[in-house]
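# What the coordinates show
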Amino acid sequence: MHFQWYPGHMTKAKRMMQENIKLIDLIIELLDARVPLSSRNPDIDELGKNKARLILLNKADLAEDKQNDAWMEYFKKKGFAVVKVNSKKGGGIKSIQGVIQEACKEKIERDRKRGILNRPVRAMVVGIPNVGKSTFINSLAGKACAKTGNKPGVTKGKQWIRLNKNVELLDTPGILWPKFEDQTVGLHLAFIGSIKDEILNTEELAAELIRLLEPYYPGILQEKYGIEETEDPYKCLAQIAESRHCLLRGNELDTEKAAILLMDDFRNGRLGRLTLERAE
Ligand SMILES: Nc1nc2c(ncn2[C@@H]2O[C@H](COP(=O)(O)OP(=O)(O)OP(=O)(O)O)[C@@H](O)[C@H]2O)c(=O)[nH]1
Ligand SMILES: [Mg+2]
């Protein structure tokens, strides 16, 4: 399967971010708590060198909490400030203002010594497509300032949002990078909906998800869909089609519809809180 997706608006967005970096005090990098490693864009470290950094494990509500804590430890050990958040429901958001001030305390102190008072912290909110950047900003602002949507590529240009006299945020379009060195990274990003579905083969994608879930969460699909154990992911899909009455004309099983249903259930947390990458 082919995962590479790097449309022109991402090249443009990256350029915009490089041009604006001199205005920025803090990089707030959102990761998807279900795949914390695959959702790190390697270009962000380059962009954010010499800047204060904050990592948010977003969509923490969709990942196993024990794993969220393990990943927090992992990133803390690497020297990052880390918070787990649920931007959709506001979980963890209350602490963010304080964490931003703490992460930028050197800059605030520098300003103070130079006699600059009350210059707001400027933070750039970055991350892969669909990770929840705009939702996070809205949640922090307490109102819908930025456009959001359940597909990658919703934000197309930059948008400054003034939170209050202390903080200004820059919303940016989600960006990927031109080449995944490791194809499982592409696969994991496809699972969580960060790659445009139109370039993916949904049945293959669903079969790969079934393959991955089996060792981590044995029996989960059998329980959810009331189906039998099988080694063959395509048989598993057929069983889901049968159990959910996904049928084509002539009563043939519609495995594509079953694949869409499975991907949807996974992405929306209806299979439970699942973490696909482990911190150990
Ligand atoms: N369950 C859950 N869903 C979330 C969370 N944060 C965002 N979402 C959902 O994820 C989807 C994408 O959110 P956006 O805020 O548009 O994502 P984005 O990172 O701005 O995406 P682009 O602008 O396309 O790069 C929306 O359907 C949100 O409701 C979260 O913490 N938990
Ligand atoms: Mg957005």
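In what follows, the accompanying structure is described. Being a predicted model, the structure only gives us computed values, none of them experimental.

## Side note on the pairing of strand 1 (residues 26-32)
- Of all seven residues making up strand 1, seven are buried, and the element is well covered by its neighbours.
- Going residue by residue along strand 1, you find Leu26, Ile28, Leu30 and Asp32 tucked away on one face and Ile27, Glu29 and Leu31 tucked away on the opposite face as well.
- As paired elements, strand 1 and strand 2 (residues 52-58) share seven bridges and run parallel to each other. Its bridge partner being in strand 2, Asp32 is matched across the sheet by Asn58.

## Some details on the layout of surface pockets
- Approximately 730 Å³ is the volume attributed to the largest pocket.
- Forming the boundary of the largest pocket are 35 residues, of which Lys59, Asn130, Thr135, Gly149 and Asn150 lie nearest the centre.
- Within the residue set of the lining of the largest pocket, elements represented by two or more residues are helix 6 (133-141) and helix 11 (255-267).
- Among the elements that make up the lining of the largest pocket, the one with the highest residue count is helix 6 (three residues).
- A per-class count over the lining of the largest pocket returns seven nonpolar, 16 polar and 12 charged.
- Asp25, Ala52, Glu106, Lys107 and Arg110 are, among the 15 residues lining the second largest pocket, the residues nearest its centre.
- Every element with two or more residues in the lining of the second largest pocket is listed here: helix 4 (96-103) and helix 5 (105-113).
- Sorting elements by how many residues they give to the lining of the second largest pocket places helix 5 first, with five residues.

## With respect to the pattern of salt bridges
- Using the criterion set out here, one finds 20 salt bridges in the structure.
- Residues Arg267 and Asp197 are paired through a salt bridge, measuring 2.9 Å at the closest nitrogen-oxygen approach. You can see Arg267 sitting in helix 11 and its partner Asp197 sitting in the loop between helix 7 (183-191) and helix 8 (202-216), a full 70 residues away along the chain.
- Here Arg211 makes a salt bridge to Glu208, at a shortest N to O gap of 3.0 Å.

Rules used throughout
Residues numbered from 1 in each chain as written. Chains lettered and ligands numbered in written order. Predicted model: local features only at pLDDT ≥ 70, side-chain atom pairs only at ≥ 80, totals over all residues. Heavy atoms only, no water. Buried < 20%, exposed > 50% of the residue type's maximum accessible area, 1.4 Å probe, protein only. Helix = DSSP H or I, 4+ residues; strand = E, 2+ residues; numbered from the N terminus. Pairing = 2+ DSSP bridges. 1 Å grid on protein atoms, 1.4 Å probe; cavity = no way out; pocket = protein on both sides within 12 Å on 5 of 7 lines; lining within 4 Å. Points joined across faces, edges and corners; volume = space filled by probe spheres on them. Nonpolar A, V, L, I, M, F, W, Y, C, P; charged D, E, K, R; others polar. Salt bridge = Lys/Arg side-chain N within 4 Å of Asp/Glu carboxyl O.

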